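These are the residues of each chain, in order.
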Amino acid sequence: MKAAVLYEAFKPLVVEDLELERPKEHEVLVKLTASGVCHSDLHYMKGDREHPMPVVLGHEGAGIVEEIGPGVTYAQPGDHVVLSFVPTCGKCSYCVKGRQNLCEARYGLRGNMQDGTTRLRKGSQEIHHFNGLSTFGEYAVVPEDSLVKIREDAPLDRVALIGCGVPTGVGAVINTAKVRPGSSVVVIGTGGVGLNVVQGAVLAGAEAIIGVDIHGGKLEHALQFGATHLINAATEDVMEKVRDITRGEMADYAFEVIGSTEAIKQAMMTTKRGGTTVVVGVTPAGAELTIDPDFLHLDRVLMGCTYGSCYPRADMPMLIDLYMARRLKLDELISATFKIDDINTAFEALDQGEVARSIIRY
Ligand SMILES: [Zn+2]
Ligand SMILES: [Zn+2]
């Protein structure tokens with residue numbers, strides 16, 4: 001099968017033919033229809049984060065189950081699925097307490113499948129998996145626990161985005177922060193995930209939804225997703241404008257969706273007494289955040305967030321239902337579609353801040 005391989009950081013992906021072994025116990029072979037191109041993949045390509053190499057990246061995919069390995073009970077060939085980059089085992093202490101996004105199974109993978117081996121190879125060379133998924137290939141062998149079955153009338157190319165960007169952004173609002181109706185919300189960074197924070201705030205019934213970015217084009221896009229105000233941080237004073245918009249109070253909630261410590265600080269500064277800041281962006285490994293703890297004294301909260309605190313098998317089908325009912329936007333998130341041969345062009349566009357989300361269609 002054709003796949004895109006990262007052999008080392010700072011080098012382009014190599015699109016080539018790889019061998020993919022058949023699924024072993026509790027694994028499933030999925031024929032992918034589409035994969036989103038996400039900033040988290042770019043972090044490994046740019047050396048911001050480390051991973052065993054070579055690796056097939058990609059963690060935002062959807063497709064159809066082609067073959068099941070021994071012991072699989074959740075899915076059958078022909079099932080339509082979205083892939084979750086956190087496998088949820090259902091048995092660990094996190095899963096049983098409803099914190100499936102923190103499932104222990106996530107930490108046992110380390111570039112391999114759950115048994116510590118890989119199904120991907122190029123000749124005699126083993127190629128690593130990424131989060132048990134590796135969606136930058138025409139097919140993927142994934143853990144059964146990474147599958148989320150979805151309704152068959154949902155368009156499989158669009159719902160690939162339900163694998164990462166959408167639950168991360170919408171979930172940060174609904175699950176992590178639990179934004180209350182009538183709230184004021186600041187969203188710093190209106191790229192692919194930020195737009196989902198914006199539409200999550202709409203679903204939560206926020207009154208003011210303030211999009212902040214330095215790219216004018218991205219910022220404009222936020223209006224389409226329900227932002228009520230825009231601030232261009234390159235030319236305007238963010239604090240001043242948030243103060244104006246919130247009639248001097250500052251915001252109830254701020255979401256940082258860039259992955260920069262400066263932006264996290266800025267997000268916190270836009271919150272009122274008792275306000276909550278949620279860090280959604282992924283900062284480079286080793287980054288350090290310096291804040292004046294005095295700022296937290298007035299009941300302010302600083303929260304982390306992974307995968308929108310979601311339970312993939314409950315939240316992803318729910319998000320697809322909202323999309324099918326036209327309450328959630330997916331089509332508008334996709335600014336470009338590429339073939340896998342052009343995947344490096346897709347990443348260049350993402351790196352330059354030109355696109356909200358592009359997808360690779362197989
Ligand atoms: Zn992602
Ligand atoms: Zn678990």
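All of these numbers come straight from a predicted model, not from anything done at the bench.

Peer 1: Looking at this model, I keep getting lost on the overall build of the chain. Mind explaining?
Peer 2: What the chain contains, in helices and strands, is nine helices and 18 strands. Here the chain has a C-alpha radius of gyration of 20 Å; the compact-globule value for 362 residues is 21 Å, and the two agree. With respect to the three principal axes, the spread of C-alpha positions in the chain is 60 × 40 × 40 Å. The long-range fraction of contacts in the chain, counting pairs at least 24 apart against all pairs at least 6 apart in sequence, stands at 70%. For the chain, the computed accessible surface area is about 15,000 Å², with 48% contributed by carbon and sulfur atoms.

Peer 1: What's the story with the pattern of salt bridges in this structure? I'm lost.
Peer 2: Close approach of charged atoms lets side chains of opposite charge pair. The tally for this structure, following the rule as stated, stands at 22 salt bridges. Between R243 and E240 there is a salt bridge, with its nearest N and O atoms 3.7 Å apart. Here R243 and its partner E240 are both found in helix 6 (residues 238-245), three residues apart, which amounts to about one turn of the helix. Overall, the relative accessible area of 43% leaves E240 in the partly exposed class. Three or more residues are tied together by salt bridges with common partners; here these are E21, K24, R121 and E126.

Peer 1: How do you make sense of the side chain of H221 when you look at a structure like this?
Peer 2: Structurally, H221 is set in helix 5 (residues 216-224). With relative accessibility at 19%, the residue H221 sits in the buried group. Apart from the residues lying within four places of it in its own chain, the contact partners of H221 are L195, E332 and A356.

Peer 1: How should I be thinking about the coordination of the zinc ion (ligand 1) in this particular structure?
Peer 2: Ideal geometry at a metal centre: 109.5 degrees between donors when four sit tetrahedrally, and 90 or 180 degrees when six sit octahedrally. With distances of 2.0 to 2.2 Å, the protein atoms coordinating the zinc ion (ligand 1) are C38 (SG), H59 (NE2) and C164 (SG). As a motif over one chain, the donors of the zinc ion (ligand 1) read C-x20-H-x104-C. Of the two residues, C38 sits in the loop between strand 4 (27-37) and helix 1 (39-45) while H59 sits in the loop between helix 1 and strand 5 (61-68), which places them 21 residues apart along the sequence. Pair check on accessibility: C38 and H59 agree, each one buried.

Peer 1: Looking at this structure, how should I read the sheet that holds strand 8 (residues 125-127)?
Peer 2: Within a sheet, adjacent strands bond to each other through the backbone by hydrogen bonds, running parallel or antiparallel. Taken together, three strands build an open sheet; the order of strands is 3-7-8 and the sheet is antiparallel. Edge positions in the sheet fall to strand 3 (19-20) and strand 8, since each has one partner strand and no second. Sheet topology places strand 3 next to strand 7 (residues 120-122); two bridges connect them, and they run antiparallel. Directly across from E19, in strand 7, lies its bridge partner R121.

Peer 1: Help me understand the packing of aromatic side chains in this model?
Peer 2: Two measures describe an aromatic ring pair: the distance that separates the ring centres and the angle between the ring planes. Scanning all chains against the criterion turns up three aromatic pairs. Measuring from ring centre to ring centre gives 3.8 Å for F85 and Y307, while their planes differ by 15 degrees; the resulting arrangement is stacked. Of this pair, F85 sits in the loop between strand 6 (80-83) and helix 2 (93-96) while Y307 sits in the loop between strand 16 (301-304) and helix 8 (312-324), and the two are 222 residues apart along the sequence. In this structure, F85 and Y307 share a single accessibility class: buried. Ring geometry for F136 against F347: centres 5.8 Å apart, planes inclined by 80 degrees, an arrangement best described as edge-to-face. On the criterion of sequence distance, the pair formed by F136 in the loop between strand 8 and strand 9 (139-143) and F347 in helix 9 (residues 343-351) is long-range, its members being 211 residues apart. Judged by its relative accessible area of 0%, F136 is buried. A relative accessible area of 3% places F347 in the buried class. The side chain of R300 reaches across the aromatic face of F295, ending 3.9 Å from its centre. Positioned above the aromatic ring of Y74, the side-chain terminus of R313 is 3.5 Å from the ring centre.

Procedures and definitions
- Here the residue numbering is sequential within each chain, running from 1 through the sequence in written order.
- By the order in which they are written, chains take letters starting at A while ligands take numbers starting at 1.
- Given that the model is predicted, a residue must reach a pLDDT of at least 70 before its local features are reported, and side-chain atom pairs must reach 80 or more before they are shown or counted; all residues, however, enter totals for whole chains, interfaces and linings.
- In computing side-chain properties, one takes all heavy atoms of the structure into account and sets aside hydrogens as well as water.
- Every helix listed is a DSSP run of H or I at least four residues long, and every strand listed is a run of E at least two residues long, numbered separately from the N terminus.
- Throughout, radius of gyration means the C-alpha value; the globule benchmark is 2.2 Å times the number of residues raised to the power 0.38.
- Residues count as neighbours in contact if any of their non-hydrogen atoms are within 4.5 Å of one another.
- Accessibility throughout is a Shrake-Rupley quantity obtained with a 1.4 Å probe, and a residue counts as covered only by protein chains that appear here.
- One speaks of a salt bridge when a side-chain nitrogen belonging to Lys or Arg is within 4 Å of a carboxyl oxygen belonging to Asp or Glu.
- Here the term buried applies to any residue with accessible area under 20% of the maximum for its type, exposed to any over 50%, and partly exposed to those in between, with areas from a 1.4 Å probe on protein chains only.
- The rule for donors is simple: an N, O or S atom within 2.8 Å of the metal counts, and for Na, K and Ca the reach is 3.2 Å. Water is not among the atoms, so a site may look short of donors.
- Strands are treated as partners if at least two bridges between them are detected by DSSP.
- Put simply, two rings from Phe, Tyr or Trp (the six-membered ring, in Trp's case) pair if the centres are within 6.5 Å, and we call them stacked under 30 degrees between planes, edge-to-face over 60, tilted for the rest.
- Consider the ring centre and the ring normal. A charge sits over the ring if Lys NZ or Arg CZ is within 6 Å of that centre and within 35 degrees of that normal.

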